[in-house]
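Geometric and topological summary
Single-letter residue listing:
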Amino acid sequence: MPDGHHAALSPDQAVVRLEAMHAEAVQAQRNALARFAAGGEPPDAGERSRFRYPELRLVCEPNGPIPINRRAWGKIQMPGVYATTVTHPCFFRRYLLEQLEPLVAEYGASLAVGHSGQEMPYPYVLDRGDELAGGVVTPVELARYFPTPLLSAVGDEVADGLWAFEDGEPRPLALFDALRVDYSLGRLQHYTGTDWRCIQPWILLTNYQRYVDQFVRWGLDELADPGSPYDRLIAPGGVVAARGDDLAEAAERIAAAPWFRFQMPAYHLARSDGQGGVSIVNIGVGPSNAKNITDHLAVLRPHCWLMVGHCGGLRQSQAIGDYVLAHGYLRRDRILDDLVPPEVPIPALAEVQVALQEAAACVTGERGDALKQRLRTGTVVSYDDRNWELRWSQERRRINLSRAIAVDMESGTLAAQGYRLRVPYGTLLCVSDKPLHGEIKLPGMASAFYQRAVGEHLRIGIAALDLLRGDLGALHSRKLRSFDEPPFR
């Protein structure tokens with residue numbers, strides 16, 4: 001066992017030790033930063049050695065039990081030593097315990113916690129990020145004495161299957177280490193305009209602000225309902241409406257939130273019963289945005305993300321306002337081709353598909369043939385070119401071969417990212433135009449469509465998440481695991 005590691009810990013003891021060591025490292029660096037910014041001495045080598053992330057190690061002996069279970073996580077593929085660095089263990093406490101408890105109970109694994117060799121960059125220990133903005137020290141001076149973010153040390157080698165085993169080195173315990181997590185937590189706050197701690201484990205992704213407006217209305221209605229489990233609505237800029245607030249005043253406060261300052265504004269409806277609330281993120285248009293935000297959301301290990309947005313219908317039999325439940329993707333977005341080659345199939349997840357179809361039936365009140373007339377299952381083609389219609393003569397044969405029924409710009413990327421980063425995913429789109437059949441969105445037609453369709457579409461997405469929440473154990477699919485997967489989900 002490496003020096004400084006506290007061995008033979010229970011899961012709860014291990015998390016408590018992680019929390020204490022992380023807090024000590026953060027406070028030590030904050031104290032040194034404050035002293036240096038006030039004109040004092042920079043940290044020496046001994047003090048700087050305290051600015052390190054804690055490391056969690058798990059040891060599974062070769063003669064230990066080899067249980068057979070159907071979980072998609074909490075598994076050890078082979079005996080040996082596994083390790084990862086950990087950040088914000090207080091926030092991730094529940095997640096860490098969920099991962100560690102079955103590994104110890106079923107595999108007889110032993111746990112140890114100690115100091116890692118991974119330095120904690122100084123921007124990640126600041127609460128607001130601007131504490132040193134008015135100081136007398138420059139970023140160049142800070143970089144001489146304090147750890148700085150090094151992109152060369154941040155990567156997705158484990159998630160992308162590029163990690164190489166070396167004799168004497170532990171195997172990865174988790175998909176993301178502390179540096180990768182902290183990097184993304186800062187990005188989430190930058191893009192969404194809300195504290196990353198507010199992001200809920202059930203996530204709706206959309207490409208239209210109108211869905212966000214409907215989400216806010218729904219959230220305020222939930223706060224007004226005494227029987228609702230939801231108790232807080234958080235908007236960009238840290239604006240909060242809580243149960244018991246004057247609803248008219250709360251609505252004005254949420255409406256005045258500075259969402260327009262942020263590239264991908266997010267709203268979060270939280271609950272305090274441990275079941276996890278719902279977040280919605282307006283990711284904007286295009287596969288680049290879709291990859292960007294999901295790269296960062298994935299470090300929070302959400303239970304699911306669903307795409308609820310608009311698409312172009314490709315079949316004559318479709319009507320404006322019909323729904324498309326994607327069961328396959330023709331990925332013409334190109335942005336993930338190096339990470340998940342186009343020939344790699346992105347499977348539909350049965351649990352998510354069933355939940356979306358059942359939610360559509362419940363919300364619309366239609367079942368059987370009536371539902372089939374409005375909801376069609378098939379392949380969605382996602383492009384990186386909004387004006388793909390100008391290349392119709394080149395794209396026609398490929399679309400015909402794929403039997404695609406709808407076209408958009410984000411769904412293929414979001415599904416591929418869910419597959420790549422082991423986050424359950426699904427897509428339910430609403431047909432807003434039919435570009436191949438002369439039915440385009442004129443301004444007046446678009447307004448009428450939006451008023452009618454957006455509210456119902458959002459309710460279907462929320463209802464699907466409620467159904468998935470009720471059977472969480474089945475949701476984390478083994479389809480998303482590789483043969484040499486880390487033990488943590």
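Residues numbered from 1 in each chain as written. Predicted model: local features only at pLDDT ≥ 70, side-chain atom pairs only at ≥ 80, totals over all residues. Heavy atoms only, no water.

1. With respect to the overall build of the protein
Check the secondary structure of the protein and you find 14 helices and 15 strands. Over its C-alpha atoms the protein spans a radius of gyration of 24 Å, differing by no more than 12% from the 23 Å that the globule rule assigns to 489 residues. Reported as C-alpha extents along the three principal axes, the dimensions of the protein are approximately 70 × 55 × 50 Å. Here the protein holds 489 residues, and 54% of them are scored as buried. (Helix = DSSP H or I, 4+ residues; strand = E, 2+ residues; numbered from the N terminus. Rg over C-alpha atoms; globule rule 2.2 N^0.38 Å. Buried < 20%, exposed > 50% of the residue type's maximum accessible area, 1.4 Å probe, protein only.)

2. Examining helix α8 (residues 287-297)
Residues spaced three or four apart along an α-helix face the same direction, because each turn holds 3.6 residues. Counting buried positions along α8 gives 10 out of 11 residues, so the element sits mostly inside the fold. When we look at burial in α8, the residues that qualify are P287, N289, A290, K291, N292, I293, T294, D295, H296 and L297. Packed against the buried residues of α8 are α5 (178-192), β6 (202-206), β10 (278-282), β11 (304-313), β13 (375-383) and α12 (411-421). (Contact = heavy atoms within 4.5 Å.)

3. Description of the pairing of strand β8 (residues 239-242)
Residues V239 and A241 of β8 are buried on one face, while the alternating residues V240 and A242, pointing to the opposite face, are not. Bridging between strand β7 (residues 230-235) and β8 involves 4 bridges; their strand directions are antiparallel. If you follow R232 over to β8, its bridge partner there is A242. Where β7 folds back on β8, the antiparallel hairpin that results is connected by 3 residues, among which G237 adopts a positive phi of roughly 85°. (Pairing = 2+ DSSP bridges.)

4. Section: the packing of aromatic side chains
The description of an aromatic ring pair uses the distance of the two centres, along with the angle that the planes make with each other. Inspection of the entire model under this criterion finds 14 aromatic pairs. Summarising the aromatic geometry, the rings of W259 and F260 are spaced 6.0 Å apart at their centres and angled 75° between planes, so their arrangement reads as edge-to-face. When its relative accessible area of 32% is taken as the criterion, W259 is described as partly exposed. Their ring planes at 75° and their centres at 6.4 Å tell us that W388 and W392 sit as a pair that is edge-to-face. Accessibility expressed as a relative area gives 4% for W388, which makes it buried. Chaining the aromatic ring pairs together yields one cluster made of F36, F51, Y122, Y145 and F146. Note that R171 overlies the ring of F165, its terminal NZ or CZ placed 4.2 Å from the centroid. (Phe/Tyr/Trp six-rings, centres within 6.5 Å; stacked < 30°, edge-to-face > 60°. Lys NZ or Arg CZ within 6 Å of the ring centre and 35° of its normal.)

5. Description of the pattern of salt bridges
Applying the stated criterion to the full structure yields 29 salt bridges. As a salt-bridge pair, R420 and D295 come within 3.2 Å of each other at their nearest N and O atoms. Of this pair, R420 sits in helix α12 while D295 sits in helix α8, and the two are 125 residues apart along the sequence. Notably, a salt bridge pairs E389 with R386, separated by 3.5 Å at the nearest N-O pair. Residue class for R386 comes out partly exposed when judged on its relative accessible area of 46%. Among the ionic contacts, a cluster of salt bridges with common partners joins D156, D160, R180, K291, D295 and R420. (Salt bridge = Lys/Arg side-chain N within 4 Å of Asp/Glu carboxyl O.)

6. Brief notes about the nonpolar core
Counting residues in hydrophobic clusters, the biggest one holds 114 residues, and the most contacted among them are L56, L58, L204, L205, F215, L233 and F488. Ranked by the residues each element gives to this core, the list is headed by helix α13 (residues 443-469), at 9 residues. In contact with F488, other than residues within four places in its own chain, are L56, Y95, L96, Q99, L100, L103, L173 and A174. Core analysis: the second largest hydrophobic core is formed by 19 residues, V26, F51, Y122 and V137 among them. (Core = buried A, V, L, I, M, F, W, Y, C linked by side-chain atoms within 4.5 Å.)

7. Re the environment of E389
Structurally, E389 is set in the loop between β13 and α11 (392-402). Taking the relative accessible area as the measure of exposure, E389 reaches 27% and is therefore partly exposed. Residues E389 and P435, spaced 46 residues apart in sequence, show a C-alpha to C-alpha distance of 7.7 Å.

8. Describing the packing of α8 against α12
Here α8 crosses α12 at 30°, and the two axes come no closer than 9 Å. Comparing their axes, α12 and α8 come out roughly parallel. The hand of the α8/α12 crossing is right-handed. Mapping the contact onto sequence places P287, A290, K291, T294 and D295 in α8 and T413, L414, Q417, R420 and L421 in α12. For the contact of α8 with α12, the residue count by class is 4 nonpolar, 3 polar and 3 charged. (Axes fitted to C-alpha atoms, helices over the stretch in contact; angles between N-to-C directions. Parallel < 35°, antiparallel > 145°, perpendicular 65-115°, else oblique. Left-handed = near helix turned anticlockwise from the far one by under 90°. Nonpolar A, V, L, I, M, F, W, Y, C, P; charged D, E, K, R; others polar.)

9. Brief notes about the environment of R35
Relative to the elements of secondary structure, R35 occurs in helix α1 (residues 11-37). For R35, a relative accessible area of 31% translates into the label partly exposed. Other than its neighbours up to four places away in sequence, R35 contacts G40, E41, P42, P43 and E47.

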